[in-house]
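Tertiary structure, described
If you want the building blocks of each chain, they are given just below.
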Amino acid sequence: MANRRSFIIHSFIGALAAGLGCRYGYATHVLAPGMSLPALPAELPVIISTWNHGLAANEAAWQSLLHGGKALDAAEQGVMVSEADPEVNSVGYGGLPDASGKVTLDACIMDSKGNAGSVACLENILHPVSVARKVMENTPHVMLTGAGALQFALDQGFEQTDLLTDAARKAWENWKASGARYAPQANWENHDTIGLLVLDTEASLAGACTTSGMAFKHPGRVGDSPVIGAGLFVDNAVGAATATGEGEVVLKTLGSFLVVELMRQGHSPAKACEEAVRRLATATSVHKQMQVGYIALSKTGETGAFALRPGFQCAVRSAKGSVLLDVPSLFQD
Ligand code: ASP
């Protein structure tokens with residue numbers, strides 16, 4: 001394990017030195033099929049997030065912690081990077097619209113004390129995660145949706161922004177021209193939702209999850225991402241988990257809550273994610289185009305992830321550096 005870890009960290013440093021790496025300048029470590037994700041550094045803080053856009057999000061979360069932010073601040077600051085990035089076409093600005101051409105956003109946030117806030121089907125607000133935080137902090141509720149969520153955001157001082165970029169509009173027009181039938185596709189458009197979990201130096205956990213949901217979804221559709229226990233769950237005594245992929249099956253199995261409960265029963269984060277994927281594969285109708293990925297972070301700083309199919313990646317940040325990992329999966333294609 002020590003060698004594996006040092007390879008990962010040296011990959012990171014080497015890639016930076018050589019000016020290599022992906023868009024964000026980090027190395028990717030590819031796990032051989034069947035190998036489980038290494039339990040990365042247990043030193044605090046630790047940040048883990050979904051997909052390759054998680055690398056940039058992790059850095060913002062890391063900076064937040066360096067500047068005195070707590071886990072909750074870091075989680076929010078981290079995912080805000082993806083929300084504002086027009087090239088991430090499944091989150092916030094630049095997110096692909098629903099079938100009617102509207103960008104509607106789902107987001108939630110949860111802290112170490114069990115507080116949670118969420119918004120669903122929110123339009124025209126750049127940072128839905130920050131509205132979710134306001135729901136948590138300034139209302140007695142957990143979730144606000146649609147027009148009510150937008151009114152709340154405006155009352156809280158958020159400004160309206162047009163979130164539909166030219167690229168997203170063109171993709172929607174092409175989709176309409178192709179017959180306009182909604183069909184989920186595994187790993188398509190490099191799925192997707194950013195879910196980010198933080199264990200700060202005080203060993204407090206928090207998490208955030210934000211998405212524009214499945215591209216070209218039915219208007220009004222809400223996925224797993226803003227639903228506490230489905231898209232995100234944090235239990236400061238045990239650990240935290242978040243999900244990405246086809247939200248319907250995550251909702252049906254309350255995936256993130258399940259991952260945390262499996263950790264409570266003694267499973268490692270990696271094993272808990274794997275068991276939650278296996279549950280989903282047996283308890284729901286899994287189809288060929290379906291992808292789901294879970295990531296988890298324990299109270300002691302151990303990370304883990306598992307997916308239904310190959311193609312899911314997660315990004316981990318610790319004092320030792322930053323890595324992007326290919327996540328093992330239940331099926332091999
Ligand atoms: N889980 C998100 C949803 O169902 C989408 C995704 O992560 O790909 O809305």
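Quick summary incoming for the structure in this document. (Residues numbered from 1 in each chain as written. Predicted model: local features only at pLDDT ≥ 70, side-chain atom pairs only at ≥ 80, totals over all residues. Heavy atoms only, no water.)

1. Thoughts on the pairing of strand S11 (residues 303-307)
What counts is decided by this rule: Each residue is placed in one exposure class: buried if its accessible area under a 1.4 Å probe, protein chains only, is under 20% of its type's maximum, exposed if it is over 50%, and partly exposed if it falls in between. Think of it this way: any DSSP run of H or I at least four residues long counts as a helix, any run of E at least two long counts as a strand, and we number them from the N terminus. At least two DSSP bridges between two strands are required for those strands to pair.
Within S11, five of the five residues are buried, which leaves the element mostly enclosed by the surrounding structure. Pairing of strand S10 (residues 292-298) with S11, which is carried by five bridges, proceeds in the antiparallel orientation. Considered in S11, the bridge of Leu297 is made with Thr303. The hairpin turn running from S10 into S11, its antiparallel successor, is four residues long, and Gly301 in that turn takes a positive phi close to 95 degrees.

2. Notes on the side chain of Ser212
Formally: As used in this structure description, the phrase polar contact means that two N or O atoms lie within 3.5 Å; if the pair is within protein, one of them must be able to donate a hydrogen and the other to accept it, and residues adjacent in sequence are counted only when both atoms belong to side chains. Contacts are assigned to residue pairs with any non-hydrogen atoms lying within 4.5 Å of each other.
Positionally, Ser212 belongs in the loop between strand S7 (205-211) and strand S8 (232-235). A polar side-chain atom of Ser212 sits 3.4 Å from the main-chain amide nitrogen of Val91. Ser212 has contacts with Asn89, Ser90, Val91, Gly92, Gly95, Leu96, Thr104, Leu105 and Lys217, leaving out every residue within four places of it along the chain.

3. Here's the deal with helix H2 (residues 54-66)
Helical geometry note: an α-helix holds 3.6 residues per turn, so side chains three or four residues apart project in the same direction. Convention followed: By definition here, a helix of n residues has an expected span of 1.5 Å times n minus one.
Here H2 spans 18 Å end to end across 13 residues, near enough to the 18 Å set by a 1.5 Å rise per residue. Of all the 13 residues making up H2, 10 are buried; the element is thus mostly covered by neighbouring parts of the structure. Among the residues of H2, Gly54, Leu55, Ala56, Ala57, Asn58, Glu59, Ala61, Trp62, Ser64 and Leu65 are the ones counted as buried. For H2, the elements touching its buried residues are strand S2 (46-50), helix H3 (71-84), strand S6 (194-199), strand S12 (313-318) and strand S13 (321-326). Of the residues one or two after H2, Gly68 is the one with positive phi, at around 95 degrees.

4. Quick notes on unusual backbone geometry
Negative phi values dominate among residues other than glycine, just as trans dominates among peptide bonds. Omega for the bond connecting Leu44 with Pro45 falls within 30 degrees of zero, at 0 degrees, which places this linkage in the cis form. For Pro45, the location among the structural elements is in the loop between strand S1 (28-29) and S2. Backbone geometry at Asn124 places phi at a positive 65 degrees, although glycine is not the residue there. With respect to the secondary-structure elements, Asn124 resides in the loop between strand S4 (116-122) and helix H4 (128-138). Overall, Asn124 belongs to the partly exposed group, its relative accessible area being 25%.

5. With respect to the side chain of Asp200
Applied cut-off: In this charge count, Lys and Arg are treated as positive and Asp and Glu as negative; neither His nor the chain ends contribute. Within this document, salt bridges are pairs made up of a side-chain nitrogen of Lys or Arg and a carboxyl oxygen of Asp or Glu, the two lying within 4 Å of each other.
Along the chain, Asp200 falls in the loop between S6 and S7. Comment: no salt bridge for buried Asp200; closest opposite-charge side chain is Lys70, at 6.0 Å. Here the side chain of Asp200 touches Ala71 through a polar contact of 2.9 Å, landing on its backbone nitrogen.

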